[in-house]
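What follows is each chain in one-letter form.
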Protein chains: 2
Amino acid sequence: MQLADSGFVLFKEGLPDTPSIEAWLSTVLPAGATVAIDGTLFSTTAVEGMMAHFEKYGISLITDFTPFDKIWQDRPTLPDTPFFGHDLEYCGENATSKIMRVMKAIKESGADALLLSTLDDIAWLFNIRGKDVNFNPMTYAYAYIDDNRSILFVKSEKLNEENKTHLRAIGVEQMPYEAVFDFATSLCNKKVSINPAKLNYTLYNKLRTTTVRENGPIAMFKAIKNEVQIAGIRQAMVRDGVALVRFFRWLDSNIDLGTATEISAAQQLRAFRAEQNLFVDESFGTICGYNEHGAIVHYSATPESNALIRRKGFLLVDSGAQYLDGTTDITRTISLGTLTPQQKRDYTLVLKGHIALSRCQFPEGTRGAQLDAIARMPLWKDGLNYLHGTGHGVGHFLNVHEGPQSIRLQENPTPLVPGMITSNEPGLYRAGEYGIRHENLVLTVLAQETEFGKFYRFEPLTLFPFDKRALDMTILFPHEISWLNDYHRMVYDRLKSSLTSEECEWLREATSAI
Amino acid sequence: MQLADSGFVLFKEGLPDTPSIEAWLSTVLPAGATVAIDGTLFSTTAVEGMMAHFEKYGISLITDFTPFDKIWQDRPTLPDTPFFGHDLEYCGENATSKIMRVMKAIKESGADALLLSTLDDIAWLFNIRGKDVNFNPMTYAYAYIDDNRSILFVKSEKLNEENKTHLRAIGVEQMPYEAVFDFATSLCNKKVSINPAKLNYTLYNKLRTTTVRENGPIAMFKAIKNEVQIAGIRQAMVRDGVALVRFFRWLDSNIDLGTATEISAAQQLRAFRAEQNLFVDESFGTICGYNEHGAIVHYSATPESNALIRRKGFLLVDSGAQYLDGTTDITRTISLGTLTPQQKRDYTLVLKGHIALSRCQFPEGTRGAQLDAIARMPLWKDGLNYLHGTGHGVGHFLNVHEGPQSIRLQENPTPLVPGMITSNEPGLYRAGEYGIRHENLVLTVLAQETEFGKFYRFEPLTLFPFDKRALDMTILFPHEISWLNDYHRMVYDRLKSSLTSEECEWLREATSAI
């Protein structure tokens, strides 16, 4: 709608009929044409793919073109905001230990140094966090480690006494952000581990030494949370649950006052979270979608679209927070009044999928793509489906979407292993009518070990009830009812001591057995 | 056990600790060594992989070494057994139509000719069958097609008046089997479609023209059965079911007579099938495993291992037949007497997995790896598992194991589409105790089309009851009981008119509602 009459035609990436950018360019450009890009904005893999494709069509590729320098006169500079150390009491492993583990792993693959451009990997490795990216507590940086040196490349303006002390304590040198390019060229007699799918091409192109191309160990190390992190996220979930209780109680009374809109509700939810200890930020922009807006998967209310929330249908609220001790992400869909039988059935089918995935047990080595259908089966059986993934990895006071694991239709070779935090979020979207999604974060834990090997299960971390008023009891199995009652009992037990007596009473009712 | 003291060490392929043959050779051979193989016995992909690996270690590879010529003095020649045409009333599509479809598809990928070494693809393409391979009705041959010629390379001794007439009718020339190598060299100005994972390296190496490397269209065309084939397999399943009723009744009385052994049972089963119309052969060697032998997944009774079947525990019977109108494959595990609670629970858990997969509905585009866990979930939940695939494709009067689809843990990009015939065969094996497997062949069919797209389901083709005496009723859900009763009713309805009144009575009891 926004592009109408703009002269631009929208291609939605990833659809079967959408050509890749390079495939499209090669159909509209003549042989002998030149395509120019800013190589710092494309991964090495992406640029190599373009080059191989363009070569077949006689098209040249220039990778040092910086168009914004010419057309964006008042472009802000990179932020100077200082980064800060993430305390051991929250992250649970000091940077020296992490650097040792990483060096050991890259040596096993034949490298002796590591060059990193992935901001969350750098944040994890050096236990630093920043404020440069909305919702994702990272700082713009590059990093390099080998046996003798660890270097963080950041703007010097970001340094202050505190973060200098942090870097000194973990033996990390600081060099200017832009210095990484010359530094890369200066590396010789090093076998540098790089992840071509992540490293920007311009930096890769500066290297004159040999490389070992690999995913590298950090993604997996970062995904497997340690005991301190797990204890932290459990605490964060209690605070998040308290904020959610306050929010949904607030919502209830404000609907009746006619003062709750999608935007005011999202603001109020942020305010209740911000009162909580260790709160830093939201982990993404709240999706608060009333009825038909709930059917737009990544809906973000604008002043123009902002709906007044009334006593009819569903409200879908997908939100999360960054606490120093963990990152939360929860979706609840609540009944606002009398629901149609189809609405109740839809709500319950999605919940059956959520419960099936939450209850399942699976052997060591199982990949998310093997489990994705478990959450979809009740919907599929009714000819229904949702077109997003069922689960994504979640960082620890880091990105709310984090690899390497996922629970999706698409094959992903990463197995689900104990310590990983993943979302469980099946949904159903009836365009123009309503959307339903039920999302908890779950921790992969060891369930049992038998003669057939180790078996894992998911333990729910999120603490907030599902709306019982929307259930179609006729299609729930006894084991599904048991799961829901057990989960609700846990929610109540873990939250009650942090609530006022009125809130406690509200939660007792919301979590009472069905 | 057989290799003990032989001087050979067994490496089981595919296990995490087993090196590939080339990786192992490169650890035991010095640089400068030469490895010699017979290139007709390795795919192009395999040889190219070896070459790339050996190059790193300074090892040479010779591909024209034929060791058996030197050490196997009385080696039989390739069989002269004539092949025969597979009638249109069974295969449903004439070879001319198939050749046109295949040529159209390979042209879309830029080729203009096709060179084939895959025996079942050749059998499918030209509607010919043979007797050269046990259980798999194929003839040793190569094939080539382009817009102007279709050539079958077979030993001239295989020709007779009938198959000559068949070839003439479909416009296929015959050339001698060995002539394919010179023929390949003679091809020029052709872009030849080849599947490097299937074409033997020696033949590939003879090509002097350009190639298009692709899987090629035949695997998918062959997997999607036409209406004549589907009607045929339904008829074949009735005859197979009748033979199975006779066999299991025979078994019942012979156990009491003390005359039933694993081998005599398998022979008797073959005899009952051989009495059926259109029977050609078994589709594989019957696996008839009594108690602990049932826990050996590919058990084949020998005179030494041959067990007398008594009234205790389980008998696992996995068997199938080649009929002119279709290929069958069925496993039933029957109770021989009083079972322990664990035996009943195990039997029922495996059946719950079989039923879950059989009942499921899934959207267009779904791959087998997404559904595999559906069949395993009841076992996984108890810390149990089986280490084989859940389902394999099945040919039509062709190989009982046929690609390209599968239902396995491992990713396989092939979607399950209507017309495919696949096995549904979860199992459980307690080493030294007993094995359980429940296998039906199922047809993928369109279930419904909604605003969310097309949804498919599996329709059972196999017609024989599961042993109700082994059920643990306490863990069956009502929808599982309904499925079993519905399936049993269908089995009875489809078989009853082909049975004697005594057999009918036996089947009525075996299929009565639980």
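Residues numbered from 1 in each chain as written. Chains lettered and ligands numbered in written order. Predicted model: local features only at pLDDT ≥ 70, side-chain atom pairs only at ≥ 80, totals over all residues. Heavy atoms only, no water.

### Observations concerning the sheet that holds strand β14 (residues 321-323) of chain A
Residues and elements named next belong to chain A.
Stage number 1. Taken in spatial order, the three strands make up an open sheet running β11-β14-β15, and their pairing is antiparallel. Whereas interior strands pair on both sides, the edge strands pair on one side only; in this sheet they are β11 (279-282) and β15 (326-327).
Stage number 2. Pairing between β11 and β14: three bridges, direction antiparallel. Residue aspartate 281 lies in a different strand from β14, and its bridge partner there is glutamine 322.
Stage number 3. Sitting on the sheet, helix α11 (residues 227-257) is in contact with β14 and β15, with an inclination near 130° to β14. (Pairing = 2+ DSSP bridges. Helix = DSSP H or I, 4+ residues; strand = E, 2+ residues; numbered from the N terminus. Contact = heavy atoms within 4.5 Å. Axes fitted to C-alpha atoms, helices over the stretch in contact; angles between N-to-C directions.)

### What about the interface of chain A and chain B?
Stage number 1. Each side of the interface is counted separately: chain A has 32 residues, and chain B has 32 residues.
Stage number 2. Taking both partners together, chain A and chain B bury about 2,600 Å²; carbon and sulfur atoms supply 58% of that area.
Stage number 3. For the chain A face of the interface with chain B, the top three residues by lost area are Trp380, Lys381 and Phe452 of chain A, together amounting to 23%.
Stage number 4. There are two salt bridges connecting chain A and chain B.
Stage number 5. The partner of arginine 430 of chain A in a salt bridge is glutamate 451 of chain B, with the nearest N and O atoms 3.3 Å apart.
Stage number 6. Scanning the region where chain A abuts chain B turns up 12 residue pairs in polar contact (both at pLDDT 80 or more).
Stage number 7. Sorting the residues of the side of chain A that touches chain B by element identifies β17 (361-363), α14 (368-380), β21 (427-430) and β23 (440-450) of chain A as the ones contributing at least two each.
Stage number 8. Taken together, the residues that form the side of chain A that touches chain B break down as 16 nonpolar, nine polar and seven charged. (Buried area = accessible area lost by both parts, 1.4 Å probe. Salt bridge = Lys/Arg side-chain N within 4 Å of Asp/Glu carboxyl O. Polar contact = N/O pair within 3.5 Å; in protein donor to acceptor, adjacent residues only side chain to side chain. Nonpolar A, V, L, I, M, F, W, Y, C, P; charged D, E, K, R; others polar.)

### So, the sheet that holds strand β6 (residues 142-146) of chain B
All names here are of chain B.
Stage number 1. In spatial order, the strands read β8-β7-β6-β4-β9-β10; together these six strands make up an open sheet with mixed pairing. Lying at the two open borders of the sheet, with one neighbouring strand each, are β8 (173-175) and β10 (210-213). Adjacent strand axes in the sheet meet at a mean angle of 25°, parallel and antiparallel pairs treated alike.

### Digging into the layout of surface pockets
Empty space among the atoms can be located by rolling a probe the size of a water molecule over them.
Stage number 1. Estimated volume of the largest pocket: approximately 1,000 Å³.
Stage number 2. Taken together, 32 residues make up the lining of the largest pocket; nearest its centre are Ala356, Phe477 and His479 of chain A together with Phe477 and His479 of chain B.
Stage number 3. Elements with a contribution of two residues or more to the lining of the largest pocket: α13 (341-359), α14 and α15 (478-495) of chain A together with α13 (341-359), α14 (368-380) and α15 (478-495) of chain B.
Stage number 4. Of the residues assigned to the lining of the largest pocket, the class counts are 18 nonpolar, two polar and 12 charged. (1 Å grid on protein atoms, 1.4 Å probe; cavity = no way out; pocket = protein on both sides within 12 Å on 5 of 7 lines; lining within 4 Å. Points joined across faces, edges and corners; volume = space filled by probe spheres on them.)

### Examining the environment of glutamate 108 of chain B
Residue and element names in this part refer to chain B.
Stage number 1. With respect to the helices and strands, the residue glutamate 108 is situated in helix α5 (residues 95-108).
Stage number 2. Glutamate 108 gets classed as exposed once you look at its relative accessible area, which sits at 62%.
Stage number 3. A sequence separation of 155 residues divides glutamate 108 from isoleucine 263, and the C-alpha atoms of the two residues are 51 Å apart. (Buried < 20%, exposed > 50% of the residue type's maximum accessible area, 1.4 Å probe, protein only.)

### Examining the pairing of strand β9 (residues 191-194) of chain B
Residue and element names in this part refer to chain B.
Stage number 1. Pairing of strand β4 (residues 113-116) with β9, which is carried by two bridges, proceeds in the parallel orientation. If you follow leucine 114 over to β9, its bridge partner there is serine 193.
Stage number 2. Bridge count for β9 against β10 is four bridges, and the pairing is parallel. Along β10, the bridge assignment pairs lysine 191 with threonine 210.
Stage number 3. With respect to chirality, the unit in which β9 leads through helix α9 (residues 201-206) into the neighbouring parallel β10 is right-handed. (Right-handed = clockwise from strand over helix to strand, strands pointing away.)

### Examining the pairing of β21 of chain A
Residues and elements named next belong to chain A.
Stage number 1. Burial along β21 is two-sided: the residues Gly427 and Tyr429 and Leu428 and Arg430 are all buried.
Stage number 2. Here four bridges tie β21 to strand β22 (residues 434-437), and the two strands are oriented antiparallel to one another. Residue pairing in the sheet places arginine 430 in a bridge with tyrosine 434 of β22.
Stage number 3. Between β21 and β22, which pair antiparallel in sequence order, lie three residues; one of them, glycine 432, sits at a positive phi of approximately 80°.

### A short note on the packing of α13 of chain A against α14 of chain A
Residue and element names in this part refer to chain A.
Stage number 1. Look at α13 against α14: their axes get within 7 Å of each other, and the N-to-C directions meet at 155°. With respect to each other, α13 and α14 are oriented roughly antiparallel. Here α13 runs over α14; the crossing is right-handed. For the pair α13 and α14, the contacting residues are Leu349, Val350, Lys352, Gly353, Ala356 and Leu357 in the first and Leu371, Ile374, Ala375, Pro378 and Leu379 in the second. (Parallel < 35°, antiparallel > 145°, perpendicular 65-115°, else oblique. Left-handed = near helix turned anticlockwise from the far one by under 90°.)

### With respect to α11 of chain A
All names here are of chain A.
Stage number 1. When the terminal C-alpha atoms of α11 are compared, their 45 Å separation across 31 residues agrees well with the 45 Å that a helix rising 1.5 Å per residue should span.
Stage number 2. A distance of 3.1 Å separates the backbone nitrogen of valine 228 from a side-chain oxygen at the start of α11, and that oxygen is part of asparagine 226.
Stage number 3. Phi for glycine 258, located one or two positions after α11, is positive at around 75°. (Expected span 1.5 Å × (residues − 1).)

### A closer look at the side chain of asparagine 195 of chain B
Stage number 1. Among the secondary structure elements, asparagine 195 of chain B is positioned in the loop between β9 and α9.
Stage number 2. Each residue touching asparagine 195 of chain B, except ones within four places of it in the same chain, is listed here: Glu214 and Asn215 of chain B.

### Some details on the relation of the copies chain A and chain B
Stage number 1. After a rotation of 180° and a shift along the axis of 0.0 Å, chain A superposes on chain B with an RMSD of 0.1 Å. The relationship between the two copies is best expressed as a two-fold rotation axis. Taking C-alpha positions as reference, the residue of chain A nearest the rotation axis is glutamine 370 of chain A, located at 2.5 Å.
Stage number 2. Comparing interface residues between copies, 100% of those in chain A also sit at the interface in chain B, which points to an isologous, same-surface contact. (Least-squares fit on C-alpha atoms with pLDDT ≥ 70 in both.)

### Quick notes on a nonpolar patch on the surface
Stage number 1. Together, Val9, Phe11, Trp24 and Val28 of chain A line one region of the surface with nonpolar side chains, adding up to about 400 Å² of accessible area.
Stage number 2. Residue classification places phenylalanine 11 of chain A among the partly exposed residues on the basis of a relative accessible area of 41%. (Patch = residues over 30% accessible without salt bridge, like charges linked within 9 Å, V, L, I, M, F, W, Y side chains within 5 Å. Areas by Shrake-Rupley, 256 points an atom, 1.4 Å probe, with all protein chains shown as cover.)

### Here we look at the confidence of the model for chain A
Stage number 1. With 100% of its residues at a pLDDT of 70 or more, chain A shows a mean pLDDT of 96.
Stage number 2. On the interface metric, ipTM, the complex scores 0.92, and its pTM is 0.94. (pLDDT = per-residue confidence, 0-100.)

### Points about the pattern of salt bridges
Residues and elements named next belong to chain B.
Stage number 1. Scanning the model with the defined rule gives 66 salt bridges over all chains in all.
Stage number 2. In this structure, aspartate 240 and arginine 273 form a salt bridge, with 2.6 Å as the shortest nitrogen-oxygen distance. Here the residue aspartate 240 occupies a position in helix α11 (residues 227-257), and arginine 273 occupies one in helix α12 (residues 262-274), the gap between them amounting to 33 residues. In terms of burial, aspartate 240 and arginine 273 fall into one category: buried.
Stage number 3. Between glutamate 502 and arginine 249 there is a salt bridge; the shortest N-O distance is 4.0 Å.

### Examining the nonpolar core
Stage number 1. Counting 186 residues, the largest nonpolar core has Leu251, Ile309 and Leu371 of chain A together with Leu251, Ile309 and Leu371 of chain B as the members making the most contacts within it.
Stage number 2. In this view, isoleucine 309 of chain A contacts Leu251, Ile255, Ala260, Thr261, Glu262, Ala265, Cys288, Tyr290, Leu315 and Leu336 of chain A; residues no more than four positions away in its chain are not counted. (Core = buried A, V, L, I, M, F, W, Y, C linked by side-chain atoms within 4.5 Å.)

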